[in-house]
Amino acid sequence: MTMQEPIGAAVVGCGAIFPLHAGAVQQLKGVQLKVVVDSDPAKAKEAATPYSCEAATDYLTLLDRDDIQVVHLCTPHHLHAEMATQLLRAGKHVLTEKPLAHHLEAAESVLAEARLSEAQLGVVFQNRYNASSQKIREFLESKTLGRLICLKGIVTWHRDEAYYADSPWRGRWSTEGGGVLINQAIHTLDLLQWFGGEVVSVQGSVTADALGDVIEVEDTAHASLRFKDGARGLFYATNAYLTNTPVELELVFEGGTLHQRNENLYLTRDGHESLVCEPPANLNDAGQIIGKSYWGSSHQLLIADFYDHVRSGTRFAIGAEEGLKTLRLIAELYRSSRTRDSR
Ligand SMILES: NC(=O)c1ccc[n+]([C@@H]2O[C@H](COP(=O)([O-])OP(=O)(O)OC[C@H]3O[C@@H](n4cnc5c(N)ncnc54)[C@H](O)[C@@H]3O)[C@@H](O)[C@H]2O)c1
């Protein structure tokens, strides 16, 4: 590839999240979406049409193609590790949707591959790019509010029987690898550890409160976290609410408290609350909001940043090591829950 040639991209998996990846690629200068892949030929064809690109049904056909440098993985969780491994070995840069893999051992194996490869591996934790998350990191790095004492993350979303029936890989240990933790609340766990630093202990439990007859995995989880620097964390997540409300985050410092509500960030100091950050409108050409308000709408920002790193050859910050951290937290939470149950 010469400097003038566009970077060739492919997206594998043409389901719910596909439009955010394909749409983001389409907006980038110097990047061309060349192929979309889905094992269901009708889905691949339908997805390819608006982007005037090729449709394929087997991602392995990408391995030998010199015109494809970056592959996005938007497939069910249990396919991420194997696909990322094959693609990295073929020298392709991989941007995988979360989670890095459907369980810890598979994620460790991808990390080993990523360390051996010249190509980059990125994990989509787009909420790190939300304006409020960036502002929280600024407060943490500048230490203007003093020591972080405690933080909490609350996820109350709605996933019903129809959501699980729609894509049968969901709700199963073998294919989703977990429930609310690995699929929905993984973003919030990622933010809690990104803000609070290394987690040294996780105590909590998981249950299937509302969907026990429908799914094998948990729909609800809570945990108490201890961070290396002394802060404490509280985490609660459920798919058993009747609507999707925006994630709530709170960070209590010696000198003030930050709250994220509706993606706005407020600072309370000396009894006075002020708005310190509001999300910029993230609109497409038709003026519609990109992404879903409760997912966050920063896919475009993350994807643009990933391509900047591919172009410059510098390491993208959210690599396999970062992807592994949330899977370790989730594994610890399951361990804690099992230990309690057996007491
Ligand atoms: N970052 C976020 O906020 C966010 C939001 C939603 C979904 N996701 C993630 O995106 C991924 C996909 O989720 P989804 O909701 O779009 O799932 P989905 O079930 O809607 O789509 C998955 C697609 O992959 C296809 N597929 C299955 N096996 C395949 C194979 N071997 N080769 C090619 N295609 C194959 C299916 O036919 C389907 O079209 C998951 O990892 C999920 O966690 C992330």
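Below is a short write-up of the structure. Please read these numbers as outputs of a predicted model, since none were measured by experiment. (Residues numbered from 1 in each chain as written. Predicted model: local features only at pLDDT ≥ 70, side-chain atom pairs only at ≥ 80, totals over all residues. Heavy atoms only, no water.)

With that settled, consider the overall build of the chain. Per the secondary structure count, the chain includes 10 helices and 14 strands. With the C-alpha coordinates of the chain rotated into their principal frame, the extents come out at 55 × 45 × 40 Å. When burial is assessed residue by residue, the chain has 55% of its 343 residues classed as buried. By sequence separation, contacts in the chain at least 24 residues apart represent 69% of the contacts at least 6 residues apart. The centroid of the 32 positive side-chain charges in the chain is displaced by 5 Å from the centroid of its 43 negative side-chain charges. (Helix = DSSP H or I, 4+ residues; strand = E, 2+ residues; numbered from the N terminus. Buried < 20%, exposed > 50% of the residue type's maximum accessible area, 1.4 Å probe, protein only. Contact = heavy atoms within 4.5 Å. Lys, Arg positive; Asp, Glu negative; His and termini not counted. Charge placed at Lys NZ, Arg CZ, Asp CG, Glu CD.)

As a further point, take the sheet that holds strand 12 (residues 256-261). The eight strands lie next to each other as 8-9-10-7-11-12-13-14, forming an open sheet whose pairing is mixed. At either end of the open sheet lies a strand with only one pairing partner, and these are strand 8 (199-207) and strand 14 (272-277). Taking the axes of each pair of neighbouring strands and ignoring which way they run, one obtains an average angle of 15° across the sheet. Examined bridge by bridge, strand 12 and strand 13 (residues 264-269) share five bridges and lie antiparallel to one another. Within strand 13, the position partnered with His259 by the bridge is Tyr266. In the packing of helix 5 (residues 131-142) onto the sheet, contacts are made with strand 7 (148-156), strand 11 (248-253), strand 12, strand 13 and strand 14, and the angle to strand 14 comes to roughly 115°. Each of strand 7, strand 8, strand 9 (220-227), strand 10 (232-238) and strand 11 is contacted by helix 8 (residues 186-196), which is oriented at about 170° to strand 7, the strand it contacts most. (Pairing = 2+ DSSP bridges. Axes fitted to C-alpha atoms, helices over the stretch in contact; angles between N-to-C directions.)

It is worth spelling out the state of the cysteines at this point. Simply put, disulfide is the name for a covalent bond between the sulfur atoms of two cysteines. One pass over the structure, following the stated rule, counts zero disulfides. As a non-bridged cysteine, Cys74 has Cys14 as the owner of its nearest cysteine sulfur, 8.1 Å distant. Since its relative accessible area comes to 10%, Cys74 is described here as buried. (Disulfide = S-S within 2.5 Å.)

We now examine the pairing of strand 10. Every other side chain in a regular strand lies on the same face of the sheet, so the side chains alternate between the two faces. By the bridge criterion, seven bridges tie strand 7 to strand 10 in an arrangement that is parallel. Bridging from a neighbouring strand, Val155 pairs with Ala237 of strand 10. Both strand 9 and strand 10 contribute to a ladder of seven bridges, which runs antiparallel. Among the inter-strand pairings, Leu225 is bridged to a residue of strand 10, identified as Gly233. Linkage of strand 9 to strand 10, two consecutive antiparallel strands, is achieved through a turn of four residues, within which Gly230 is found at a positive phi near 105°.

Treat this as a map of the structure, not an account of what it does.
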